[in-house]
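Overview (structure and organization)
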Amino acid sequence: LSRAMSVTWRLRFEGAEPVLAEMKKGPVIYCTWHNRLALGMPIHRWFLARQPHHRLVAMVSASKDGAVLARYMEHLGVQPVRGSSSRRGARALREFITWGKKGYNLVITPDGPRGPRCEVQEGVIVLAQMTGMPIVPVSSKIHSKKIFGSWDAFQLPLPFARCEVRMGEILRVPREADDVVREAARGMLEQRMLDLTED
């Protein structure tokens, strides 16, 4: 059902060329809002068509709902890592770092798994600092969609919806960053993602 729906969506990418160029140097961290996850796999397939070596690891909640999503991702060739800020966080971070060292691109929802919606938490900044991998902010405007009553106001594109996928300026976090630098990077990433987001 997911594949049948997604092939009808009309995706247009903005700002993808610098990301493709960066991926030729090494893996990146994709950062996208929790309520835009429906577009995750179509975006992954678009990049896969342009860079066949592109491999992806995604952070998935350690909840029962996350188990269903993890199996779905595995079916589509994405490696899930189970954990969040509230459960298995430290272990999931170590697993993420290991996959990054193996050359996998990482994807994380900085406001998941429970919000607040569209507020970046520190985890993605720590991950970027420890791995040295650049962060790619990703958001979208979905022109025809159903919005659910969940905490994140999850957006599901309707069949044949136009979806503008927007990628912002890449952000790097220095290895020697202290609390002040990490907080500045967190605020900068949040603002870049909000600038890309249009409901």
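Before reading on, note that the structure itself is shown above.
No experiment lies behind these values; they were computed from the predicted model shown. (Residues numbered from 1 in each chain as written. Predicted model: local features only at pLDDT ≥ 70, side-chain atom pairs only at ≥ 80, totals over all residues. Heavy atoms only, no water.)

A look at the packing of helix 6 (residues 123-131) against helix 7 (residues 179-196)
The following threshold applies: Whenever a helix is involved, its axis is fitted only over the stretch in contact; in every case the axis is a line through C-alpha atoms, and angles between N-to-C directions fall within 0 to 180 degrees. Counting from the N terminus, the helices are the DSSP runs of H or I reaching at least four residues and the strands are the DSSP runs of E reaching at least two. A clockwise turn of the near helix away from the far one marks a right-handed crossing, whereas an anticlockwise turn of less than a right angle marks a left-handed crossing. For this analysis, residues touch if any pair of their heavy atoms sits within 4.5 Å.
Remark: helix 6 packs on helix 7, axes separated minimally by 9 Å, with the N-to-C direction vectors making an angle of 115°. Crossing of helix 6 against helix 7: the hand is right-handed. For the pair formed by helix 6 and helix 7, the contact residues are Val124, Ile125, Val126 and Gln129 on the first element and Arg182, Ala185, Arg186 and Leu189 on the second.

Observations concerning the packing of aromatic side chains
Applied cut-off: Between rings of Phe, Tyr and Trp, where Trp is taken as its six-membered ring, a pair exists when centres lie within 6.5 Å; planes separated by under 30 degrees are stacked, by over 60 edge-to-face, and by other angles tilted. Throughout this description, buried means an accessible area under 20% of the type-specific maximum (1.4 Å probe, protein chains only), exposed means over 50%, and partly exposed covers the range between. We call a charge positioned over a ring when the NZ of a Lys or the CZ of an Arg lies within 6 Å of the ring centre and within 35 degrees of the ring normal.
As enumerated under the stated definition, the model contains 6 aromatic pairs in all. For the ring pair Phe13 and Phe47, a centre distance of 6.3 Å and an interplane angle of 90° mean the geometry is edge-to-face. Pair noted here: Phe13 is in strand 1 (residues 10-14) and Phe47 is in helix 3 (residues 40-50), with a separation of 34 residues, a long-range link. Residues Trp46 and Phe47 carry aromatic rings whose centres are separated by 5.1 Å and whose planes lie at 85° to one another, so their mutual orientation is edge-to-face. A relative accessible area of 1% places Phe47 in the buried class. Taking the ring centre of Trp99 as reference, the NZ or CZ of Lys102 above it sits at 4.5 Å.

A look at the pairing of strand 6 (residues 135-142)
Basically, it comes down to this: DSSP-based pairing: two strands are paired if at least 2 bridges between them are found.
The buried fraction of strand 6 is high, at 8 of 8 residues. Of the two faces of strand 6, the one carrying Ile135, Pro137, Ser139 and Lys141 and the one carrying Val136, Val138, Ser140 and Ile142 are both buried. With 4 bridges connecting them, strand 2 (residues 29-32) and strand 6 associate as parallel partners. Of the residues in strand 6, the one forming a bridge with Ile29 is Ile135.

Looking at the pairing of strand 2
Here strand 2 shows no split at all, with Ile29 and Cys31 on one side and Tyr30 and Thr32 on the other all buried. Two strands pair when backbone bridges link them, and strand 2 and strand 5 (residues 105-108) are joined in this way by 3 bridges, in the parallel orientation. Each residue of the ladder has a partner; that of Cys31, found in strand 5, is Ile108.

Regarding helix 6
Listing the buried residues of helix 6 in full gives Val124, Ile125, Leu127, Ala128, Gln129 and Thr131. One or two residues past the end of helix 6 sits Gly132, with phi positive at roughly 75°.

Here's the deal with the environment of Ala67
Here Ala67 lies in helix 4 (residues 64-75). When the C-alpha atoms of Ala67 and Arg82 are compared, they prove to be 8.2 Å apart, with 15 residues separating the residues in sequence. With residues up to four places along the chain from it excluded, the contact list for Ala67 reads Ser61 and Arg82.

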